Amino acid sequence: MKLLVTGGCGFIGTNFIRLMLDKHPDWSIVNLDKLTYAGNRLNLMDLEENEERYEFVHGDICDRSLVMDLLSGNYFDAVVNFAAESHVDRSINDPSPFVTTNIQGAQNLMECARQSKIGRFVHVSTDEVYGSLGKSGKFVETTPLAPNSPYSASKAGADLMARAYFETYDFPVLVTRCSNNYGPYQFPEKLIPLMFINAKSDKSLPVYGDGMNVRDWIYVDDHCVGVELTLTKGREGQAYNFGGDAEETNINVIKTLLSAVGKPESLITYVTDRPGHDKRYAMDFSLAERELGFAPSVDFKTGLEKTIKWYEANATWLEQVQSGEYRTFMDTWYEERT
Ligand code: NAD
Ligand code: TYD
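Residue positions are given per chain, counting from 1 as you read along its sequence in written order. For naming, the first written chain is A and the first written ligand is 1, with later ones following in the order written. Reporting of local features is limited, given that this is a predicted model, to residues whose pLDDT is at least 70; pairs of side-chain atoms are given and counted only at 80 or more, and all residues count toward the totals for whole chains, interfaces and linings. Only hydrogens and water are removed before side-chain values are computed, so all heavy atoms of the structure are retained for them.

Asks: Pulling in residues and values, what's your account of the sheet that holds strand E4 (residues 78–81)?
Replies: In this scheme, strands are said to pair when DSSP sees at least two bridges between them. Helix and strand definitions here come from DSSP, where helices need a minimum of 4 consecutive H or I residues and strands a minimum of 2 consecutive E residues; each element is numbered from the N-terminal end. In space, the 7 strands of this open sheet follow the order E3-E2-E1-E4-E5-E6-E10, with parallel pairing throughout. Every interior strand has two partners, whereas the edge strands, strand E3 (54–58) and strand E10 (239–242), have only one. Taking the axes of each pair of neighbouring strands and ignoring which way they run, one obtains an average angle of 20 degrees across the sheet. One ladder, built from 4 bridges, connects E4 with strand E5 (residues 120–126); its direction is parallel. Considered in E5, the bridge of Val79 is made with Phe121. Each of strand E1 (2–6), E4 and E5 is contacted by helix H4 (residues 96–115), which is oriented at about 165 degrees to E5, the strand it contacts most. What counts as an axis is a line fitted to C-alpha atoms, over the stretch in contact for a helix, and the angles between N-to-C directions run from 0 to 180 degrees. In what follows, residue pairs with any heavy atoms lying within 4.5 Å of each other are defined as contacts.

Asks: Which residues make up helix H12 (residues 324–335), and what values do they have?
Replies: An α-helical turn contains 3.6 residues, so a residue and the one three or four places further along point in the same direction. Helix length check: H12 (12 residues) gives 17 Å between terminal C-alpha atoms against 16 Å at 1.5 Å per residue, within 8%. To sort residues, take the accessible area from a 1.4 Å probe on protein chains only and compare it with the maximum for the residue type: under 20% means buried, over 50% means exposed, and anything in between is partly exposed. Residues of H12 that are buried: Tyr326, Phe329, Met330, Trp333 and Tyr334. Relative to the axis of H12, the buried residues are bounded by an arc of 110 degrees and lie together on one face. The exposed set on the far side of H12, more than 90 degrees from its buried face, consists of Thr328 and Glu335. The inward-facing, buried residues of H12 abut helix H3 (88–93), helix H6 (191–200), strand E8 (205–208) and helix H11 (315–321). Any helix carries an expected span of 1.5 Å times its number of residues minus one. It is the directions from the helix axis to the C-beta atoms that the arc portrays.

Asks: So what's going on with the pattern of salt bridges? Which residues, and what values?
Replies: Any Lys or Arg side-chain nitrogen located within 4 Å of an Asp or Glu carboxyl oxygen qualifies as a salt bridge. Going through the model one piece at a time under the given rule, you end up with 17 salt bridges. Close ionic contact of Glu236 with Arg120 constitutes a salt bridge, the shortest N to O distance being 3.5 Å. Here Glu236 is found in the loop between helix H7 (220–233) and E10, whereas its partner Arg120 is found in strand E5, with 116 residues between them in sequence. The residue Glu312 makes a salt bridge to Lys200 at a minimum N-O spacing of 2.9 Å. Pair noted here: Glu312 is in helix H10 (residues 300–313) and Lys200 is in helix H6, with a separation of 112 residues, a long-range link. The exposure class of Glu312 is partly exposed, given its relative accessible area of 40%.

Asks: Explain the site of ligand 1 to me, and be specific about the residues and the numbers.
Replies: Any residue with a heavy atom lying within 4 Å of a molecule or strand is counted as near it. Close to ligand 1 lie 28 residues; Ile12, Asp33, Ser86, Tyr151 and Lys155 are nearest. Tyr151 places a side-chain nitrogen or oxygen 2.7 Å from an oxygen atom of ligand 1. Protein contact buries 97% of the 840 Å² of open area that ligand 1 shows by itself. Breaking the shell around ligand 1 down by element, the ones donating at least two residues are helix H1 (11–23), E5, helix H5 (150–169) and strand E7 (180–182). Pairing of N or O atoms within 3.5 Å defines a polar contact, subject to two protein rules: one partner must be a possible hydrogen donor and the other a possible acceptor, and residues neighboring in sequence count only if both atoms are side-chain atoms. Exposure was quantified through the Shrake-Rupley algorithm and a 1.4 Å probe, taking into account, for residues, occlusion by the shown protein chains and nothing else.

Asks: So what's going on with the packing of aromatic side chains? Residues and values would help.
Replies: Only the six-membered ring of Trp is used, alongside the rings of Phe and Tyr, when aromatic pairs are assigned; centres must lie within 6.5 Å, and planes under 30 degrees apart are stacked while those over 60 apart are edge-to-face, with the rest tilted. Taken as a whole and assessed by the stated rule, the structure comprises 22 aromatic pairs. For the ring pair Tyr165 and Tyr169, a centre distance of 4.9 Å and an interplane angle of 65 degrees mean the geometry is edge-to-face. Linking Tyr165 with Tyr169, this pair stays in helix H5, spanning 4 residues, or about one helical turn. Centre to centre, the rings of Phe196 and Tyr311 are 5.7 Å apart; their planes meet at 40 degrees, and the pair counts as tilted. With a gap of 115 residues between them, Phe196 in helix H6 and Tyr311 in helix H10 connect regions that are remote in the sequence. Accessibility classification places Phe196 together with Tyr311 in one group, the buried group.

Written out as structure tokens, the structure is:
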């Protein structure tokens, strides 16, 4: 199988490319990435030595002629679209790049893939398109989309565009909707790696609101397997939910992490809540279990330990990614909340 993966220099894309090349000796991957603040070419630099199996292309999924050239000049079997602006807080600060990349970019990619008669297209969406749950119940694939942040609204736009491409053009698209990922290479603006670096340097840990918001945490490799199963076994036109079956309150995640790294709970600071903060996400992924044979394989405690070990062993990576653009956003955002 020859794949075009977009956004492969980000957190999930990096893990996906590594896992797929490892599992499938006969697969090759071209990775198209714009290298925003969240993309790091060094994540996969060692793979660049093997040109037959992995190639990096620097570019934007919004660029019609670049994407068209790539798709028509290669015989790709499928496209997997991870490329996105992915951080909710940044989308609150400035929604524009989210609309550009997450909606227009995804549509451009689908259109070029349609014109090139691609065999299969997996669009990576998110559980956040469903909005927020109360204390009980879980999201199923037929739950109406009701996004609450500019990020999730932009992801819902692309998710619905995928549906429209299937219904209108019979375009062979499949959609994945997954819960919160954690694991190696996650950019330290998201909850777990941010709390890790703050704890390690004895800085305060900023908890939004009362810390009782609930997320369903999935170890990144399990999500990658979900994407792989969707690609190889899924039904065209179908959206599949994925989750880790690991609902945790934010405060519980933070306390577990603090205890694992041997730091005191006195570092916890409650700060102004995120506007439009979704209360709870929980995934019913029984469709993926039944149709694809999916099951999360890493429980939260084990996954968190593995993740902490990875960050402890990769302090240089963590240093490297905290460069100019990152610092400017982080300083302003957290200054306004305390
Ligand atoms: P990330 O922010 O770590 O990585 C995004 C990558 O996309 C970066 O390498 C960036 O350079 C690239 N990119 C951004 N704009 C681009 C453009 N216009 N053209 C080409 N490349 C571009 O994100 P992530 O956490 O790895 O998420 C990947 C995908 O999975 C996203 O679509 C996200 O919505 C979805 N998702 C994420 C989670 C999660 O918990 N992180 C959960 C469910 C779904
Ligand atoms: P995040 O990692 O940004 O993922 P998402 O918003 O996509 O779920 O945040 C996870 C949860 O942690 C979310 O409820 C917001 C909360 N949070 C904090 O309490 N403090 C922080 O500094 C961050 C980044 C997140």
